[in-house]
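# Architecture at a glance
Here are the chains, one letter per residue:
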Amino acid sequence: ARKYVAQQVAPRFHDKLLDGLQRLKLADLLRRKNPYLFKAKAVNSAPDLIKRLLDAYLSSKEETIFGDFLEALAIHVCAEAFGGRKSNAEGIDLEFERNDRRYIVAIKSGPNWGNSQQIKRMQANFNQARKIAGKSVSVEAINGCCYGRDANSHKGGYVKLCGQDFWALVSGVDDFYQLIVEPLGHDAKRRTDEFEHKYAAVINRFSQEFISDYCDAQGNIDWSKLLKFNSGRAAN
């Protein structure tokens, strides 16, 4: 598992994040975020606005990409430990057998991942997977969260396991959650330096483009023009 983490953290996280940054267009960035918020914060510098928009975008992107990496890691670890496999059932990420019981797992990054409707949908997916398995199979439904804690694991119809408890379930090793920390740092310094270099270039490029398109002759941000691009009625 340590080897897998060290080998896969670059292509599954660092490279994907860098690729997403380099593919990003200023127009996409400006459409994704709330311009009223930044006006209310009195952001008047074009480079400052671009940096804030980009940081907000990257923070969300990082969570998604790293969440996908952790899900892939959990499936890999469980495959080695218990013959776990990616499930074909809707909304179920992992299934495996352990101690004469079949576990069906919906993997999430952290414990605070969804609203009430999303949780109901997950429960419906668990119920459907149980029906497919049949009454003769003892099925345990798990909402597995890769980090965090939850004081009440028994939710009625499924069990929520977070952090140490989740990784112990899929690996069979009680302190496995600690073992994956060190290899996550493999080549991280070089990767971070490379990212920061490309990040700075994007800030400069987007700032220049933004000033050209959304600042007046005095260099002030033309909020009316920016709002029209972000929120104005589309032309027929």
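To start, this report covers the structure provided alongside it. Within every chain, residues take consecutive numbers counted from 1 along the sequence as written. Given that the model is predicted, a residue must reach a pLDDT of at least 70 before its local features are reported, and side-chain atom pairs must reach 80 or more before they are shown or counted; all residues, however, enter totals for whole chains, interfaces and linings. Values reported for side chains reflect all heavy atoms of the structure, with hydrogen atoms and water molecules removed beforehand.

## Quick notes on the overall build of the chain
For clarity, the threshold we go by: The helix count covers DSSP runs of H or I at least four residues long, the strand count covers runs of E at least two residues long, and both are numbered beginning at the N terminus. This radius of gyration counts C-alpha atoms alone. The globule rule is 2.2 Å times how many residues there are, raised to the power 0.38. Burial classes: relative accessible area under 20% of the type maximum marks a residue as buried, over 50% as exposed, and values in between as partly exposed (1.4 Å probe, protein chains only). Contacts are residue-level and defined by heavy atoms, with any inter-residue pair within 4.5 Å sufficient. To be clear on the numbers: accessible area is Shrake-Rupley with a 1.4 Å probe, and residue cover counts the displayed protein chains and nothing else. When charges are tallied, Lys and Arg are placed among the positive residues and Asp and Glu among the negative ones, while His and the ends of the chain are skipped. Charge coordinates come from a single atom per side chain, which is NZ of Lys, CZ of Arg, CG of Asp or CD of Glu.
Helices and strands together make up the secondary structure of the chain, namely ten helices and five strands. The C-alpha atoms of the chain give 22 Å as radius of gyration, which overshoots the globular expectation for 236 residues (18 Å, by more than 25%). C-alpha atoms of the chain, sized along the principal axes, occupy 75 × 45 × 35 Å. Going through the 236 residues of the chain one by one, you find that 39% of them count as buried. When contacts within the chain are restricted to residue pairs at least 6 apart in sequence, those whose partners lie at least 24 apart make up 63%. Put simply, the chain shows about 13700 Å² of open surface, and 47% of that area lies on carbon and sulfur atoms. Considering the chain, the positive charge centre built from 36 side chains and the negative charge centre built from 29 side chains are found 6 Å apart.

## A few points about helix 10 (residues 223–231)
For the record, the criterion: This arc is taken over the directions from the axis of the helix to the C-beta atoms.
Among the residues making up helix 10, those that are buried are Trp223, Leu226 and Asn230. One face of helix 10 carries all of its buried residues, which in axial projection span an arc of 65°. Summarising the geometry of helix 10, the exposed residues directed more than 90 degrees from the buried face are Ser224 and Lys228.

## A closer look at the pattern of salt bridges
The condition that has to hold: Between Lys or Arg on one side and Asp or Glu on the other, a salt bridge is scored when a side-chain nitrogen of the former is within 4 Å of a carboxyl oxygen of the latter.
Taken as a whole and assessed by the stated rule, the structure comprises 14 salt bridges. Note that Asp150 is salt-bridged to Lys155, the shortest N-O span being 3.0 Å. Three or more residues joined by partner-sharing salt bridges are found here, namely Arg85, Glu95, Glu97 and Arg102.

## A word on the sheet that holds strand 2 (residues 94–98)
Going by this rule: For two strands to be treated as a pair, DSSP must find at least two bridges joining them. Axis angles are defined between N-to-C directions and span 0 to 180 degrees, where every axis is a line fitted to C-alpha atoms and, for a helix, only to the segment in contact.
In spatial order, the strands read 1-2-3-4-5; together these five strands make up an open sheet with mixed pairing. Strand pairing shows two members of the sheet lacking a second neighbour, strand 1 (85–86) and strand 5 (159–162), which therefore form its edges. Sheet topology places strand 1 next to strand 2; two bridges connect them, and they run antiparallel. In the sheet register, Arg85 faces strand 2, and the bridge partner there is Glu95. Sheet strands touched by helix 5 (residues 116–133): strand 3 (101–108) and strand 4 (139–145). Its angle to strand 4, the strand with the most contacts, is close to 145°.

## Observations regarding the environment of Val137
Positionally, Val137 belongs in the loop between helix 5 and strand 4. Among the residues examined, Val137 registers a relative accessible area of 26% and is labelled partly exposed. Taking C-alpha positions, Val137 is 7.4 Å from Arg101, a pair spaced 36 residues apart along the chain.

## Quick word on the packing of aromatic side chains
Our working definition: Ring pairs shown here join Phe, Tyr and Trp side chains whose ring centres sit within 6.5 Å, with only the six-membered ring taken for Trp; geometry is labelled stacked below 30 degrees between planes, edge-to-face above 60, and tilted in between. Either the NZ atom of lysine or the CZ atom of arginine qualifies as a charge over a ring when it sits within 6 Å of the ring centre and within 35 degrees of the ring normal.
Applying the stated criterion to the full structure yields ten aromatic pairs. The lysine or arginine in question, Lys108, covers the ring of Trp113, its NZ or CZ lying 4.5 Å from the ring centre.

## Brief notes about the packing of helix 4 (residues 46–82) against helix 6 (residues 164–171)
The condition is simple: Should an angle fall under 35 degrees it is called roughly parallel, over 145 degrees roughly antiparallel, and 65 to 115 degrees roughly perpendicular, with every other angle called oblique.
One can describe the packing of helix 4 onto helix 6 by two numbers: an axis separation of 7 Å at closest approach and a directional angle of 40°. By the angle between their directions, the pair helix 4 and helix 6 is classed as oblique. Taken together, the residues of helix 6 that come into contact with helix 4 (itself represented by Leu70, Leu73, Ala74, Val77, Cys78, Ala81 and Phe82) are Phe166, Trp167, Leu169, Val170 and Ser171.

## Looking at the nonpolar core
Spelled out, the test is: Nonpolar core, defined: a set of buried Ala, Val, Leu, Ile, Met, Phe, Trp, Tyr and Cys residues in which side-chain atoms within 4.5 Å join the residues together.
Core analysis: the biggest nonpolar cluster contains 55 residues, and Leu49, Leu54, Phe166, Trp167 and Phe210 have the highest contact counts within it. The leading source of residues in this core is helix 4, at 16 residues. What Leu49 contacts, discounting residues up to four positions off in sequence, is Phe38, Val43, Phe210, Ile221, Trp223 and Leu226. Counting ten residues, the second largest nonpolar core, distinct from the first, contains Ala106, Met122, Ala141 and Tyr158.

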